[in-house]
Amino acid sequence: MPIYQPTSENIERAAQLLRDGELVALPTETVYGLGANALDIEAVQKIFSLKGRPSYNPLIVHVLDIKSAKKLAAVWPQRAQVLAEAFWPGALTLVLPKCDTVPDIVTAGLQNVALRAPSHSVARQLLEIAQLPLAAPSANKFTQTSPTRAQHVQQSLGDELFILAGGACEVGIESTVLDLTGDVPVLLRPGMISTADIETVLGANLDIEYSNDDSNAPRRAPGQVRIHYAPRAKLLIYRSSSERDVLVQNSVAHDFMIGIIAIDDELEMQRIVRLPNNALQYASQFYNALHELDAQGCDVILVEALPQNSEWDGVRDRLGRAAS
Ligand code: TXA
Ligand code: MG
């Protein structure tokens, strides 16, 4: 099946496929998702098969609004209300105790469900017409780079899938995941909605459970697999022009085709993608740069190290995982 433009007719077709227990790839503002009716066990099983995703890795359930989220959460604390009012629709996922209606396969057997109301207009139209909660991981094979364009989905998951197009994803990396099941909110995955943004709204500090250092310390957040978001090419980070020169020389010695993703580096070379020194704009273009350099056949992608400030936490996390 080709890529479908988001006409009302095609959105209706997609909604019908979802009602029939089939998969549909849909655009969201973060990355493209591989959606299924979250209440249909066999449909959700198809997500795991097509992605090659291990069953211990729970899925985010996408809803239209707070009202539909509350139907899937066993409790809806004041914190969830405040955060959803501040950031929904948008790139924040909230983990809450689940209702019995949410099948175990969606939550990988956990008693909690991850909920998010996406802001992309095509995702919202689809949710509205289908009238279903949609389980949707990123629409790529397990461990590969998430798709931020409809063609990325087609390249990763093939021609059998119904793909709704929705342009380039604006946020460009996956949502921030926040666990609200305990006394203190816990950040499970950083994203472009930052800890500072969340702490301001809550008027309280977060616990942080992800780690983006280079250690192999076990992660408590399910599915936060160390090697993730990886391009086909080997990805290496450089912190200075001398470090970069060594990596370039080594790559040339091995006859490797080199791609570079730079911010300030003024090197002149073929296959350099220059990204802005602005975390929001960088995030929006980062995965696309990886996809493009992969498509050009690069064996190695050298990436200029990112600034250390907290607004870069989300992108730094993804870069660290893609490079490991
Ligand atoms: O931006 C996004 O979040 C995208 C778009 C499609 O919405 N989706 C996405 O899904 O990134 P996925 O499956 O690639 O990542 C979901 C992450 C998992 O890595 C897992 O850590 C966390 O969400 N998660 C899901 N359900 C959870 C649960 N019940 N408890 C704790 N964490 C959960
Ligand atoms: Mg993913």
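Further up the page is the structure itself.
Here is a short report on the structure shown in this document.

Thresholds applied
Residues numbered from 1 in each chain as written. Chains lettered and ligands numbered in written order. Predicted model: local features only at pLDDT ≥ 70, side-chain atom pairs only at ≥ 80, totals over all residues. Heavy atoms only, no water. Helix = DSSP H or I, 4+ residues; strand = E, 2+ residues; numbered from the N terminus. Rg over C-alpha atoms; globule rule 2.2 N^0.38 Å. Buried < 20%, exposed > 50% of the residue type's maximum accessible area, 1.4 Å probe, protein only. Areas by Shrake-Rupley, 256 points an atom, 1.4 Å probe, with all protein chains shown as cover. Pairing = 2+ DSSP bridges. Phe/Tyr/Trp six-rings, centres within 6.5 Å; stacked < 30°, edge-to-face > 60°. Axes fitted to C-alpha atoms, helices over the stretch in contact; angles between N-to-C directions. Contact = heavy atoms within 4.5 Å. 1 Å grid on protein atoms, 1.4 Å probe; cavity = no way out; pocket = protein on both sides within 12 Å on 5 of 7 lines; lining within 4 Å. Points joined across faces, edges and corners; volume = space filled by probe spheres on them. Nonpolar A, V, L, I, M, F, W, Y, C, P; charged D, E, K, R; others polar. Core = buried A, V, L, I, M, F, W, Y, C linked by side-chain atoms within 4.5 Å. Arc of directions from axis to C-beta. Polar contact = N/O pair within 3.5 Å; in protein donor to acceptor, adjacent residues only side chain to side chain.

With that out of the way, let us pick up the overall build of the chain. Along the chain, the regular secondary structure elements total 11 helices and 15 strands. A compact globule built from 324 residues would reach a C-alpha radius of gyration of about 20 Å, and the chain, at 20 Å, matches this within 12%. In terms of overall dimensions, the chain has a C-alpha envelope of 60 × 50 × 30 Å along the principal axes. A buried classification covers 56% of the 324 residues belonging to the chain. With the model as given, the accessible surface of the chain reaches about 14,000 Å², and the carbon-plus-sulfur share is 49%.

Attention now moves to the sheet that holds strand 2 (residues 24-26). Strand order in the open sheet formed by 11 strands is 1-8-2-3-7-4-6-5-9-10-11, and the pairing between neighbours is mixed. Since the sheet does not close on itself, it has two edges, and those belong to strand 1 (3-4) and strand 11 (207-208), each with one partner. In this structure, strand 4 (residues 60-62) lies alongside strand 6 (residues 112-116), joined through 3 bridges in parallel fashion. Looking at strand 6, one finds that Ile60 is bridged to Ala114.

On to the packing of aromatic side chains, then. For the structure on display, the rule yields 5 aromatic pairs. Between Tyr282 and Trp312 the ring centres are 5.3 Å apart and the planes differ by 70°, which places this aromatic pair in the edge-to-face class. Taken together, the residues span a long stretch of sequence, with Tyr282 in helix 10 (residues 279-295) and Trp312 in the loop between strand 15 (300-304) and helix 11 (313-323) at a distance of 30 residues. Tyr282 sits in the buried class, given a relative accessible area of 0%. The class of Trp312 is buried, set by a relative accessible area of 2%. Their ring planes at 35° and their centres at 5.8 Å tell us that Phe286 and Tyr287 sit as a pair that is tilted. Since its relative accessible area comes to 0%, Phe286 is described here as buried. On the basis of relative accessible area, Tyr287 is assigned to the buried category, the value being 1%. In textbook terms, an aromatic cluster arises when at least three aromatic residues are bridged by ring pairs, as seen for Tyr282, Phe286, Tyr287 and Trp312.

Taken in spatial order, the 4 strands make up an open sheet running 12-15-13-14, and their pairing is parallel. Of all the strands in the sheet, the pair left with one neighbour each is strand 12 (234-238) and strand 14 (272-274). Taken over all neighbouring pairs, the strand axes of this sheet differ in orientation by 20° on average, direction set aside. With 5 bridges connecting them, strand 12 and strand 15 associate as parallel partners. In the strand pairing of strand 15, Ile237 is matched with Val303. Along the sheet face, helix 9 (residues 241-253) touches strand 12, strand 13 (258-262) and strand 15 and points at about 150° away from the line of strand 12. Running over the sheet, helix 11 touches strand 12 and strand 15 and is turned about 125° from strand 12.

Here we take up empty space enclosed by the protein. Taken as a whole and judged by the stated rule, the model has 1 cavity of 30 Å³ or more. Taken as a whole, the largest cavity holds about 60 Å³ of empty space. Of the residues in the lining of the largest cavity, the class split is 4 nonpolar, 6 polar and 1 charged.

Take the nonpolar core next. The biggest cluster of nonpolar side chains holds 50 residues, and the ones touching the most others in it are Trp76, Leu83, Trp88, Leu92, Leu94, Leu115 and Ile198. Look past the residues within four positions of Trp88 in its chain and what remains in contact with it is Val63, Asp65, Ile66, Ala69, Trp76, Leu83, Leu94, Leu115, Arg116 and Ala117.

Of all 11 residues making up helix 11, 10 are buried, and the element is well covered by its neighbours. Those residues of helix 11 that sit buried are Asp313, Gly314, Val315, Arg316, Asp317, Arg318, Leu319, Gly320, Arg321 and Ala322.

A word on unusual backbone geometry. The omega torsion across Trp88 and Pro89 is -10°, close enough to zero to call that bond cis. In the Ramachandran plot, Asp255 falls in the positive-phi region, its phi being about 65° despite a non-glycine side chain. For Asp255, a relative accessible area of 70% corresponds to the exposed category. You will see that Arg271, though not glycine, has its phi angle at about 55°, which is positive.

Time to look at helix 8 (residues 195-202). Regarding helix 8, the residues found buried are Thr195, Ile198 and Leu202. Across the axial projection of helix 8, the buried residues extend over an arc of 70°, all falling on one side. Among the structural elements, helix 4 (78-87), strand 5 (92-97), strand 9 (176-179), strand 10 (186-189) and strand 11 are those in contact with the buried residues of helix 8. Positive backbone phi, at 65°, marks Gly203, one or two positions downstream of helix 8.

A few words on the side chain of Thr176. Here Thr176 shows up in strand 9. A polar contact of 2.8 Å, which involves the side chain of Thr176, links it to the backbone oxygen of Ile193.

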